[in-house]
Amino acid sequence: MRPDMNRRRLIGGLIAGAAGSGMPSGARAQPAVDGALRPAAAQPDGVCVLFPQAVEGPFYFDPDMVRADITEGSPGLPLRFVLRVIELGACKPIADARVDVWHADAGGVYSGYSGQGDDGSVSAKGRTHLRGTQFTDADGTASFTSVYPGWYPGRTPHIHLKVFLDARTVLTAQAYFPDETSARVYRSQAAYAARPVADTTNARDFIFRRSTREGGSIVFTMRETSALLEAALVIAVDRKASSAGWWNWLRG
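Just so you know, these numbers come straight off a predicted model, no measurement behind them. (Residues numbered from 1 in each chain as written. Predicted model: local features only at pLDDT ≥ 70, side-chain atom pairs only at ≥ 80, totals over all residues. Heavy atoms only, no water.)

Novice: Sorry if this is basic, but what is going on with the pattern of salt bridges here?
Specialist: Evaluated as defined, the whole model comprises 11 salt bridges. One salt bridge connects glutamate 56 with lysine 162, and the closest N-O pair in it is separated by 2.7 Å. Taken as a pair, glutamate 56 in the loop between helix 1 (3–15) and strand 1 (78–87) and lysine 162 in strand 5 (residues 158–165) lie far apart in primary sequence, 106 residues in all. Pair check on accessibility: glutamate 56 and lysine 162 agree, each one buried. Put simply, aspartate 118 and arginine 195 hold a salt bridge, and the shortest N to O gap is 2.9 Å. On the criterion of sequence distance, the pair formed by aspartate 118 in the loop between strand 2 (98–102) and strand 3 (131–135) and arginine 195 in the loop between helix 2 (179–188) and strand 7 (221–224) is long-range, its members being 77 residues apart. Linked through salt bridges whose partners overlap, the residues forming this network are Asp62, Arg98 and Asp100. (Salt bridge = Lys/Arg side-chain N within 4 Å of Asp/Glu carboxyl O. Helix = DSSP H or I, 4+ residues; strand = E, 2+ residues; numbered from the N terminus. Buried < 20%, exposed > 50% of the residue type's maximum accessible area, 1.4 Å probe, protein only.)

Take a look at the structure:
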């Protein structure tokens, strides 16, 4: 068994009873990138702000897969996103942090759940696409290869993420895309042709418009090449924090 999987399972066992016990407030997060799209290179020394928590929502599960490519053959525009985890206050990179990500496919459907789609008739139970785990490197960076997420009713396109340190979930969050990017992707790419116009923009999304108070307003920094889209975020976490979880979703 690979060492990273052993480490992941150890952390996963420790966090089983720890996630979802609180939600710290957050200040405005500032994504930054350098020429290679390794975020935070342009962030001034000593300047880092807390990445805000967001509700987990109903679609999280842990597929127990440490992998950088989470696509599993899902159709859509190729997307690479890079997340750099740093420590609040010290602004230093955090190595070996576990980062879980998950998002909807081009049709707006999450793997592992039934009762989805515009009419609630779509099921993706038993599937694990567009979910995965990476551990940050010495620079605090974790990257994933995926496809651009589709939309589903009432939500603007987004990616969910969790950051785990030791035995605790210290961040549950959502990250968003520029509206103009989503509109262009949905109009121009065949995988999204059946649903080319999202019914909700960032400004109309009930989480995004709450600003950083509820984990909104966090937009990826984007770069486009001829082959794919690239996105990046800096994530400053509080080592003493506990996570927003399912109970916060129920509270509304």
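Here the narrative resumes, following the displayed structure.
Novice: Help me understand empty space enclosed by the protein in this model?
Specialist: To find leftover empty space, a probe the size of one water molecule is rolled over the atoms. Per the counting criterion, the structure on display carries 2 cavities of 30 Å³ or more. Put simply, the second largest cavity is a space of about 40 Å³. Residue lining of the second largest cavity: 11 residues in total, with Tyr60, Phe61, Pro63, Asp100 and Val101 positioned closest to the centre. Of all the elements in the fold, those that place two or more residues in the lining of the second largest cavity are strand 2 and strand 3. A class-by-class count of the residues in the lining of the second largest cavity yields 5 nonpolar, 2 polar and 4 charged. (1 Å grid on protein atoms, 1.4 Å probe; cavity = no way out; pocket = protein on both sides within 12 Å on 5 of 7 lines; lining within 4 Å. Points joined across faces, edges and corners; volume = space filled by probe spheres on them. Nonpolar A, V, L, I, M, F, W, Y, C, P; charged D, E, K, R; others polar.)

Novice: Looking at this model, I keep getting lost on the packing of aromatic side chains. Mind explaining?
Specialist: Aromatic ring pairs are described here by two measures, namely the spacing of the ring centres and the angle between the planes. Taken as a whole, this structure holds 13 aromatic pairs when the rule is applied. Ring geometry for tyrosine 110 versus tyrosine 152: centroids 5.5 Å apart, planes at 70°, classification edge-to-face. With tyrosine 110 in the loop between strand 2 and strand 3 and tyrosine 152 in the loop between strand 4 (141–147) and strand 5, the pair connects residues that are 42 residues apart, well separated along the chain. The two residues tyrosine 110 and tyrosine 152 agree in class, both being buried. Between tyrosine 148 and tyrosine 186 the ring centres are 6.1 Å apart and the planes differ by 75°, which places this aromatic pair in the edge-to-face class. Remark: tyrosine 186 occurs in helix 2 and tyrosine 148 occurs in the loop between strand 4 and strand 5; sequence separation between them is 38 residues. (Phe/Tyr/Trp six-rings, centres within 6.5 Å; stacked < 30°, edge-to-face > 60°.)

Novice: Even after reading the chapter, I still don't get the nonpolar core, so can you show me in this structure?
Specialist: In globular proteins that are soluble, nonpolar side chains generally tend to be buried together. Counting residues in hydrophobic clusters, the biggest one holds 35 residues, and the most contacted among them are Phe81, Leu83 and Phe220. Residue contributions to this core peak at 5 residues, all from strand 8 (residues 229–237). Counting residues in hydrophobic clusters, the runner-up holds 7 residues, among them Phe59, Tyr60, Tyr152 and Phe164. (Core = buried A, V, L, I, M, F, W, Y, C linked by side-chain atoms within 4.5 Å.)

Novice: Just checking my understanding: could you explain the side chain of glutamine 116 for this structure?
Specialist: By the element assignment, glutamine 116 lies in the loop between strand 2 and strand 3. Polar side-chain contacts of glutamine 116 include one of 2.7 Å to the backbone nitrogen of tyrosine 110. (Polar contact = N/O pair within 3.5 Å; in protein donor to acceptor, adjacent residues only side chain to side chain.)

Novice: Is there a simple way to think about the sheet that holds strand 1 in this case?
Specialist: Sheets are built from strands paired through backbone hydrogen bonds, the pairs being either parallel or antiparallel. Across the sheet, 4 strands lie side by side as 4-1-8-7; this open sheet has mixed pairing. Each having just a single partner strand, strand 4 and strand 7 make up the two edges of the open sheet. Put simply, the sheet's adjacent strands are angled 20° from each other on average, direction ignored. (Pairing = 2+ DSSP bridges. Axes fitted to C-alpha atoms, helices over the stretch in contact; angles between N-to-C directions.)

Novice: When you look at the environment of glycine 76 in this model, what are you seeing that I'm missing?
Specialist: Mapped onto the elements of the fold, glycine 76 is located in the loop between helix 1 and strand 1. Note on glycine 76: relative accessible area 25%, which makes it partly exposed. The residues contacting glycine 76, other than those within four sequence positions of it, are Val147, Ala191 and Tyr192. (Contact = heavy atoms within 4.5 Å.)

Novice: Quick question: what am I supposed to make of unusual backbone geometry here?
Specialist: Outside of glycine, negative phi angles account for most residues, and trans bonds account for most peptide bonds. Here glutamate 72, not a glycine, exhibits a phi torsion of approximately 55°, which is positive. Residue position: glutamate 72 is located in the loop between helix 1 and strand 1. We classify glutamate 72 as partly exposed; its relative accessible area is 37%. Look at leucine 130: it is not a glycine, yet its phi comes out positive at around 65°. With respect to the element layout, leucine 130 can be found in the loop between strand 2 and strand 3. For leucine 130, a relative accessible area of 0% gives the class buried.

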